[in-house]
Amino acid sequence: MRNVSVLSANPILIAAAVIPALILLIRVERADRLEKESRGMLLSLVLFGIVATAIASLGERLGMALLDAFFEEESVLYNILLYFVVVALSEEGAKYVLLKRKTWRNPEFYCQFDGVVYSVFVSLGFALWENIGYVAYYGLTTALVRAVTAVPGHACFGVFMGTWYGLAKRREGAGDLAGAAKFRRTALFVPMLLHGFYDFCATYQDSVMGLVFLVFVVAMFIAASRLVKRMSANDSYIDRDRFGFRN
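The sections below set out a description of the structure shown in this document. Keep in mind that what you see is a predicted model, and the values were worked out from it rather than measured.

The next point concerns the overall build of the protein. Secondary structure summary: the protein contains 10 helices and zero strands in total. Its C-alpha atoms give the protein a radius of gyration of 19 Å, within 12% of the compact-globule value 18 Å for 247 residues. In terms of its C-alpha atoms, the protein occupies a principal-axis envelope of roughly 55 × 45 × 30 Å. Taking all 247 residues of the protein together, the buried fraction comes to 49%. Intrachain contacts of the protein at a sequence separation of at least 6 include 79% that bridge at least 24 residues. Of note, the protein has its 25 positive side-chain charges centred 8 Å away from the centre of its 21 negative side-chain charges.

Now for the pattern of salt bridges. Inspection of every chain in the model, using the stated rule, returns five salt bridges. As a salt-bridge pair, Asp-176 and Arg-171 come within 3.3 Å of each other at their nearest N and O atoms. By relative accessible area, which is 27% here, Asp-176 ends up partly exposed. On the accessibility criterion, Arg-171 (30% relative accessible area) is partly exposed.

Glancing now at the layout of surface pockets. Space inside the largest pocket adds up to approximately 610 Å³. Lining the largest pocket are 21 residues, and of these Tyr-134, Arg-146, Tyr-198, Asp-199 and Ala-202 sit closest to its centre. Where the lining of the largest pocket is concerned, the elements lending two or more residues are helix 4 (76–103), helix 5 (114–138), helix 6 (140–147), helix 7 (150–173) and helix 8 (177–203). No other element matches helix 8, which puts five residues into the lining of the largest pocket. Residues belonging to the lining of the largest pocket are distributed by class as follows: 10 nonpolar, six polar and five charged. A volume near 340 Å³ is recorded for the second largest pocket. Lining the second largest pocket are 15 residues, with Leu-24, Arg-27, Val-28, Ser-225 and Val-228 positioned closest to its centre. Elements with a minimum of two residues in the lining of the second largest pocket: helix 2 (11–30), helix 5, helix 7 and helix 9 (207–233). Of the residues that constitute the lining of the second largest pocket, the class distribution is 12 nonpolar, one polar and two charged.

With 24 residues, helix 7 should cover 34 Å at 1.5 Å per step; its first-to-last C-alpha distance of 34 Å lies within 8% of that length. Among the 24 residues in helix 7, 19 count as buried, and that is most of the element.

Taking 1.5 Å per residue as the helical rise, helix 3 (residues 39–70) with its 32 residues ought to reach 46 Å, and the 47 Å between its terminal C-alpha atoms agrees with that figure. Regarding helix 3, the residues found buried are Met-41, Leu-42, Ser-44, Leu-45, Val-46, Gly-49, Ala-52, Thr-53, Ala-56, Glu-60, Gly-63 and Leu-67.

What follows concerns the side chain of Asp-199. Examined against the element boundaries, Asp-199 turns out to sit in helix 8. Not counting chain neighbours up to four residues away, the residues in contact with Asp-199 comprise Tyr-83 and Val-87.

Counting residues in each nonpolar core, the largest one holds 55 residues, and the members touching the most others are Tyr-198 and Met-220. Apart from residues lying up to four places away in sequence, Met-220 is in contact with Gly-153, Cys-156, Phe-157, Phe-160, Leu-194 and Tyr-198.

Here we take up the packing of aromatic side chains. Remark: the centre distance and the inter-plane angle together describe each pair of aromatic rings, the angle taken between the planes. Under the definition given, this model contains 11 aromatic pairs. Taking the centre distance of 6.1 Å and the plane angle of 50° together, the rings of Phe-84 and Phe-200 count as tilted. With a gap of 116 residues between them, Phe-84 in helix 4 and Phe-200 in helix 8 connect regions that are remote in the sequence. Look at Phe-200 and you get buried, because its relative accessible area is 13%. Ring plane angle 35° and centroid distance 6.2 Å describe the contact between Tyr-110 and Tyr-237, whose orientation is recorded as tilted.

Relative to the elements of secondary structure, Val-217 occurs in helix 9. C-alpha separation for the pair Val-217 and Val-148, spaced 69 residues apart in sequence, amounts to 9.8 Å.

Criteria and cut-off values
The residue count restarts for each chain, going from 1 along the sequence in the order it is written. The model is predicted, so local features are restricted to residues of pLDDT at least 70 and side-chain atom pairs to those at 80 or more, both for listing and for counting; the totals for chains, interfaces and linings are taken over all residues. Side-chain numbers come from the whole structure's heavy atoms, not from hydrogens or water. Elements are defined by DSSP. Helices are runs of H or I of four residues or more, strands are runs of E of two residues or more, and each kind is numbered from the N terminus. Our radius of gyration is a C-alpha quantity, and the globule rule it is checked against amounts to 2.2 Å times the number of residues to the power 0.38. Three exposure classes are used, based on accessible area relative to the maximum for each residue type with a 1.4 Å probe and protein chains only: buried under 20%, partly exposed in between, and exposed over 50%. In this description, contact between two residues means that some pair of their heavy atoms is separated by no more than 4.5 Å. In this tally Asp and Glu are treated as negative and Lys and Arg as positive; neither His nor the chain ends contributes. Charged side chains are reduced to one point each, which is NZ for Lys, CZ for Arg, CG for Asp and CD for Glu. Every case where a carboxyl oxygen of Asp or Glu lies within 4 Å of a side-chain nitrogen of Lys or Arg is listed as a salt bridge. Put plainly, a pocket is an open set of points on a 1 Å grid over the protein atoms alone with protein on both sides within 12 Å along at least five of seven lines, a cavity is a set where a 1.4 Å probe fits but cannot get out, and a lining residue has an atom within 4 Å of a point. Grid points are joined across faces, edges and corners, and a volume is the space filled by probe spheres set on the points. Basically, the charged four are Asp, Glu, Lys and Arg, the nonpolar ten are Ala, Val, Leu, Ile, Met, Phe, Trp, Tyr, Cys and Pro, and anything else, Gly included, counts as polar. Helices are assigned an expected span. That span is 1.5 Å times one less than the residue count. The nonpolar core is taken to be a set of buried Ala, Val, Leu, Ile, Met, Phe, Trp, Tyr and Cys residues, with the residues joined through side-chain atoms within 4.5 Å. Pairing of aromatic side chains requires ring centres within 6.5 Å, counting the rings of Phe and Tyr and the six-membered ring of Trp. Pairs whose planes differ by under 30 degrees are stacked, by over 60 edge-to-face, and all others tilted.

Below, the structure is given as structure tokens:
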């Protein structure tokens, strides 16, 4: 409670915790060029991302209890299972479940790029709430570090999730249900893999792993940025006949 009180009393910490996520949210929303999403939809997605933090926390506690019971703590195998399975599945899985529950059958989901927007808003809602907790506990220095690593990292995970999520919706619109299911699985698996590798590298403090982490983060940011630009430029309606759109 003391840390939350410190955060609420310090506008600099509040800004440091919130602003990075807001900047990224605005950038992605502006890239949505065909049909802007309603403010109600976007706000609800951020709130779903916040809820996902509670679900992920429960999953991580359960997963860590199981790991502690069967594996030697801090061994390589322990860390691989911890970060690639327990943490990545808990966090990306919680985001994905709530994303799908809110948007898959929503009538506003009729453009492929909407998948990216929806996923990033859920991811940054998650990162926003997570960042507030870290800043409240560790202070401004942690906020600055997370502003250029963890918060954009969650945005990148959201971009990759949303890319395949939007493709899945397009496949469903074309009547390819098997293809849609395949892309939905990919929408979960790819962010899990990226998230797991991100956390695994960040755990080790030696210079070699630090360099690997830096290269990975830069490459992921560049790839995600290019994906946003390409998916935005090539965006189209998922099922023009169904929704009544014309060229």
